Amino acid sequence: MVAALVGGCQPSDFVRPSVEVPEHWRLTTERDGHDDTADLASLPWNVLLPIPELQALIEEALVANATLRIAIERIELARAQYGIEHAARFPAVNATGAGTRERMPGIDPSGNRVGESGSVALSIPAWEIDLWGRLAARSEAARREVLASAAQADGVRASLIAQVASLYLELLDLDAQREITRRTIEGRRKALRLTRARFDEGVSSILDVRQAESVLAGSEQALADQARRIAQAENALALLLGRNPGPILRSARLDALDTPVRLDAGLPSALLQRRPDIRAAEEALRAAGANLDAARKAFLPRITLTTLLGFASTDLGELFDGNRYAWSLQPSFGLPLFDAGRLRSGVAAAEAQQRILVEQYKATIRQAFREVSDALVAFERLSEQREAMSRVVQANRERLRVTNARYLAGISSYFEVIDAERQLFDSELSQSQTSRALQQSIVQLYQALGGGSSTAPAQIRS
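Quick caveat, the model's predicted, so the values are computed rather than measured. (Residues numbered from 1 in each chain as written. Predicted model: local features only at pLDDT ≥ 70, side-chain atom pairs only at ≥ 80, totals over all residues. Heavy atoms only, no water.)

### As for the overall build of the protein chain
Looking only at helices and strands, one finds ten helices and four strands in the protein chain. Along the protein chain, from the amino end to the carboxyl end, the secondary structure elements read α-α-α-α-β-β-α-α-α-α-β-β-α-α. The buried share of the protein chain, reckoned over its 462 residues, is 40%. Long-range pairs, those at least 24 residues apart, make up 82% of the contacts in the protein chain with a sequence separation of at least 6. Put simply, the protein chain shows about 26,000 Å² of open surface, and 55% of that area lies on carbon and sulfur atoms. (Helix = DSSP H or I, 4+ residues; strand = E, 2+ residues; numbered from the N terminus. Buried < 20%, exposed > 50% of the residue type's maximum accessible area, 1.4 Å probe, protein only. Contact = heavy atoms within 4.5 Å. Areas by Shrake-Rupley, 256 points an atom, 1.4 Å probe, with all protein chains shown as cover.)

### Details of the nonpolar core
The biggest cluster of nonpolar side chains holds 56 residues, and the ones touching the most others in it are Val164 and Leu449. Elements supplying a minimum of two residues to this core: α2 (45-48), α3 (52-64), α5 (134-200), α6 (206-240), α7 (271-274), α8 (276-297), α9 (342-408) and α10 (414-448). Examining the composition of this core, we find that eleven residues originate from one element, α5, more than from any other. With residues up to four places along the chain from it excluded, the contact list for Leu449 reads Trp25, Leu40, Ala41, Ala265, Leu271, Arg274, Arg275 and Val372. If you look at the next biggest cluster of nonpolar residues, it comprises 15 residues, including Ala212, Val215, Leu400 and Tyr407. (Core = buried A, V, L, I, M, F, W, Y, C linked by side-chain atoms within 4.5 Å.)

### Things to note about the packing of aromatic side chains
Here the structure, examined in full by the defined rule, presents two aromatic pairs. Taking 6.0 Å as the distance between ring centres and 65 degrees as the angle between the ring planes, the aromatic pair formed by Trp25 and Phe369 counts as edge-to-face. Of the two residues, Trp25 sits in the loop between α1 (2-8) and α2 while Phe369 sits in helix α9, which places them 344 residues apart along the sequence. Pair check on accessibility: Trp25 and Phe369 agree, each one buried. Relative to Tyr414, the ring of Tyr407 has its centre 5.1 Å away and its plane inclined at 55 degrees; by these criteria the two rings are tilted. According to the relative accessible area criterion, Tyr407 is buried, its value standing at 6%. A relative accessible area of 3% places Tyr414 in the buried class. The lysine or arginine in question, Arg188, covers the ring of Phe425, its NZ or CZ lying 5.5 Å from the ring centre. Lying across the ring of Tyr407, Arg198 places its NZ or CZ 4.6 Å from the centre. (Phe/Tyr/Trp six-rings, centres within 6.5 Å; stacked < 30°, edge-to-face > 60°. Lys NZ or Arg CZ within 6 Å of the ring centre and 35° of its normal.)

### Describing the sheet that holds strand β3 (residues 302-313)
Pairing is antiparallel in the open sheet, where four strands are placed in the order β1-β2-β3-β4. Strand pairing shows two members of the sheet lacking a second neighbour, β1 (94-105) and β4 (325-334), which therefore form its edges. Neighbour-to-neighbour, the strand axes of this sheet turn through a mean angle of 25 degrees, independent of strand direction. Where β1 meets strand β2 (residues 112-129), twelve bridges bridge the pair, whose relative direction is antiparallel. The partner of Thr100 across the bridge, within β2, is Ser117. (Pairing = 2+ DSSP bridges. Axes fitted to C-alpha atoms, helices over the stretch in contact; angles between N-to-C directions.)

### Section: the environment of Arg74
Position of Arg74 among the secondary structure elements: in helix α4 (residues 66-87). Linking Arg74 and Gln152, residues 78 residues apart in sequence, is a C-alpha distance of 9.4 Å.

### As for the packing of α9 against α10
α10 packs onto α9 with a crossing angle of 160 degrees between their chain directions and a minimal axis gap of 7 Å. Classified by the interaxial angle, the pair formed by α9 and α10 is roughly antiparallel. Where α9 crosses over α10, the handedness of that crossing is left-handed. When its residues are assigned to classes, the contact of α9 with α10 shows 20 nonpolar, 14 polar and eight charged. (Parallel < 35°, antiparallel > 145°, perpendicular 65-115°, else oblique. Left-handed = near helix turned anticlockwise from the far one by under 90°. Nonpolar A, V, L, I, M, F, W, Y, C, P; charged D, E, K, R; others polar.)

### A few points about the environment of Leu249
Mapping Leu249 onto the fold places it in the loop between α6 and α7. Judged by its relative accessible area of 76%, Leu249 falls in the exposed class. Residues Leu249 and Leu57 lie 192 residues apart in sequence; the distance between their C-alpha atoms is 10.0 Å.

### Concerning α5
The terminal C-alpha atoms of α5, which comprises 67 residues, lie 96 Å apart, in line with the 99 Å expected from a rise of 1.5 Å per residue. Within two residues after α5, Gly202 carries a phi angle of roughly 85 degrees, on the positive side. (Expected span 1.5 Å × (residues − 1).)

### Things to note about the side chain of Thr364
Position of Thr364 among the secondary structure elements: in helix α9. Using a relative accessible area of 18% as the deciding quantity, one classes Thr364 as buried. Ignoring any residue separated from it by four or fewer positions in sequence, one finds Thr364 in contact with Asp277, Ile278 and Ala281.

### Here's the deal with unusual backbone geometry
With a phi close to 45 degrees, Ala126 is a non-glycine residue in the positive phi region. Counting through the fold element by element, Ala126 comes out in strand β2. Positive phi is not limited to glycine here, since Ala340 has a value of about 60 degrees.

Structure representation (structure tokens):
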């Protein structure tokens, strides 16, 4: 029986669930052979995003963002709950004092007597002696919850950096699109004036004029839509910064941003220690194991101790005399015999919670691998797409120049000019959008690799 009790009080060792980790990414930009360059996630975010005004926005968001502040307060909440569980392992010492003076009937029914009593003592109320480690297991579970909360806050921080950077890049893209649209509108206004002049001279038909008016109105509609999207993106970014909705000052240009030729994602196995959500899932799993230990140890006997040490007297004036010294020691023993299955249900619930967290842990790792792979694929293919789009834009510009010359010479119809203008306009917008998506893929890969978060776990003593 003693061996069984001792075996039951031993905490179970944590075994990390087995998850298949790929040796290499599905698509990698690493050169053949050894490469001693630092992987992307090891870079500080201000090195990855060397844009002063963007760095200022990120710094502001890290200070004022409500979601991040809530995540930080959740750490403090978990820390306080850990303090409660940890304190339960130690006895509480109370100082007590009481005094009574009363007038009550005495031995003689016809008379009354005056009596008094008093006590001053230090007491330990019902302290559970944690022989089997049940309270220690609960304390360990609470400590792991603190670490999980800290990892979740790291995840919120990394996500916030990525969101601010992505919205900023979106604004730069919209600024570039607006500039393209304004330039196109100016060109189409000139074309409309020329077409009207040719119509007045009898060279062009009224159909050419109406087509020129239509394409001009279409460009003005696109400009109004871009203004709407810019305002909404600015409002979204202001919310991340902890501001009221309003404009965001910026001066950078999307086409002036550098783009790396290649990205180093490091080894897939490094993701297990770097990603905040994986660390949080592992700490939650460790907490579930500790809770399961506590639930199993609830079947074991509980020994509690109540003590008192002080002075007691029936005469307040003699309370602190040496012969009024008083003490009491009250140990108690309890063993659950019948509880209608409550304790067994508690163990079953803890086991089910542990199984749920195991699956969540595995799913989190697989999702992390997918996000990294998706970001690598996006960077590779968007780089190729941007190069192709540059050739498309150049070809469309040349086509428009030739078409305009043919139209003025009376060889081509105005419909060909309009089609060439439309294709150039669309390709320039697509080129800007592709450049923005390429920059955002770098930010997404940085976040997917766990960059921008603290890799040092919170230090909480058990």
